[in-house]
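A structural walkthrough
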Amino acid sequence: MFDRFAAHRPPAIRNLSPRTRRFTIGTAAVIPALLVGVLGGTHSAAPQDSGLVACRYPLSTQDVPMADYQKIRAQFADSRWPDLRNAGTAYVDLATQLPSTRGTDGYQTVWFYQRLSATCAKHGQ
C-alpha cells in the first residue's frame, strides 16, 4: 500500500532512507511552527501597562508585605484600562483593610480577587 504512495514522490525524497525521510518531514513540519511561536511571541518596544505589571504580584497569598500594597495600588491606578484600574485598586484597598476587620466570612475578598483575576486574564496576564 505504501509503495503506491512512494511512486508519486519526487526522486529526491524517494531515494532517501525511511529514517532520513521521516526526519526531513518532521523537521519541515516543526520549523514553521517554531518560527510562528518565536516571531509571534516577541514583544514590541511599547511599554507594558503598569496594571499588568501589578497583576504579576502573588496577591492571593500573604507573601506581599503591607508596605508594598501602596506601590501595587499605584501601579493599578496608573493602568490604561478602566476595568483593571477599578478591580485592582478595589482589591488592594480591601486587602489593606483586612488586618483590622473582624466578623467577616471572607467571601468579599474572594469575590474581589476573582474579579481582579478575570480582568488580569482578559488583558493578557
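Residues numbered from 1 in each chain as written. Predicted model: local features only at pLDDT ≥ 70, side-chain atom pairs only at ≥ 80, totals over all residues. Heavy atoms only, no water.

Comments concerning the overall build of the protein
- Secondary structure assignment for the protein yields seven helices and zero strands.
- The contacts in the protein between residues at least 6 apart in sequence include a share of 55% that link residues at least 24 apart.
- Entry remark: accessible area of the protein is about 9000 Å², with carbon and sulfur atoms responsible for 60%. (Helix = DSSP H or I, 4+ residues; strand = E, 2+ residues; numbered from the N terminus. Contact = heavy atoms within 4.5 Å. Areas by Shrake-Rupley, 256 points an atom, 1.4 Å probe, with all protein chains shown as cover.)

Structural notes on the nonpolar core
- Of all hydrophobic cores here, the largest spans 16 residues; its most connected members are Ile72, Phe76, Leu84 and Leu116.
- Listing elements by their share of this core, those giving two or more residues are helix 4 (50-55), helix 5 (68-77), helix 6 (82-97) and helix 7 (107-122).
- Ranked by the residues each element gives to this core, the list is headed by helix 6, at six residues. (Core = buried A, V, L, I, M, F, W, Y, C linked by side-chain atoms within 4.5 Å. Buried < 20%, exposed > 50% of the residue type's maximum accessible area, 1.4 Å probe, protein only.)

Some words on the confidence of the model for the protein
- Here the protein averages 75 in pLDDT, and 61% of its residues register 70 or above.
- The least confident element of the protein, judged by mean pLDDT, is helix 1 (residues 2-6) at 58; the most confident is helix 5 at 90. (pLDDT = per-residue confidence, 0-100.)

Digging into the state of the cysteines
- One pass over the structure, following the stated rule, counts one disulfide.
- Here Cys55 engages in a disulfide with Cys120; their sulfurs sit 1.9 Å apart. Every disulfide takes its handedness from the sign of the S-S torsion; for Cys55 and Cys120 that torsion is -75°, giving left-handed. Of this pair, Cys55 sits in helix 4 while Cys120 sits in helix 7, and the two are 65 residues apart along the sequence.
- Relative accessible area serves as the criterion here: at 7%, Cys120 is assigned to the buried category. (Disulfide = S-S within 2.5 Å.)

Overview of a nonpolar patch on the surface
- On the surface, Tyr107, Val110 and Trp111 cluster together to form a nonpolar patch covering roughly 320 Å² of accessible area.
- With respect to the helices, strands and loops of the structure, Trp111 is situated in helix 7. (Patch = residues over 30% accessible without salt bridge, like charges linked within 9 Å, V, L, I, M, F, W, Y side chains within 5 Å. Salt bridge = Lys/Arg side-chain N within 4 Å of Asp/Glu carboxyl O.)

So, the pattern of salt bridges
- If you walk through the whole model with that rule in mind, you get two salt bridges.
- Among the salt bridges present, the one from Arg73 reaches Asp93, with a minimum N-O distance of 2.6 Å. Taken together, the residues span a long stretch of sequence, with Arg73 in helix 5 and Asp93 in helix 6 at a distance of 20 residues.
- Overall, Asp93 belongs to the partly exposed group, its relative accessible area being 28%.
- Here Lys122 ties to Asp83 by a salt bridge, and the two come within 3.0 Å at their closest N and O atoms. With a gap of 39 residues between them, Lys122 in helix 7 and Asp83 in helix 6 connect regions that are remote in the sequence.
- Judged by relative accessible area, which is 27%, Asp83 ranks as partly exposed.

Digging into the packing of aromatic side chains
- Inspection of every chain in the model, using the stated rule, returns two aromatic pairs.
- Relative to Tyr113, the ring of Tyr91 has its centre 5.6 Å away and its plane inclined at 55°; by these criteria the two rings are tilted. Of the two residues, Tyr91 is situated in helix 6 and Tyr113 in helix 7; the sequence distance between them amounts to 22 residues.
- A cation sits over an aromatic face here: Arg80 above Trp81, 4.3 Å from the ring centre. (Phe/Tyr/Trp six-rings, centres within 6.5 Å; stacked < 30°, edge-to-face > 60°. Lys NZ or Arg CZ within 6 Å of the ring centre and 35° of its normal.)

Looking at helix 7
- Counted at 1.5 Å a residue, the expected span for helix 7 with its 16 residues is 22 Å, and the 22 Å between its end C-alpha atoms agrees.
- Taken together, the buried positions of helix 7 are Thr109, Phe112, Leu116, Thr119 and Cys120. With its buried residues spanning 100° around the axis, helix 7 presents them on a single face. Opposite the packed face of helix 7, turned more than 90 degrees from it, sit the exposed residues Tyr107, Ala121 and Lys122.
- Summarising the contacts, the buried residues of helix 7 are in contact with helix 4, helix 5 and helix 6. (Expected span 1.5 Å × (residues − 1). Arc of directions from axis to C-beta.)

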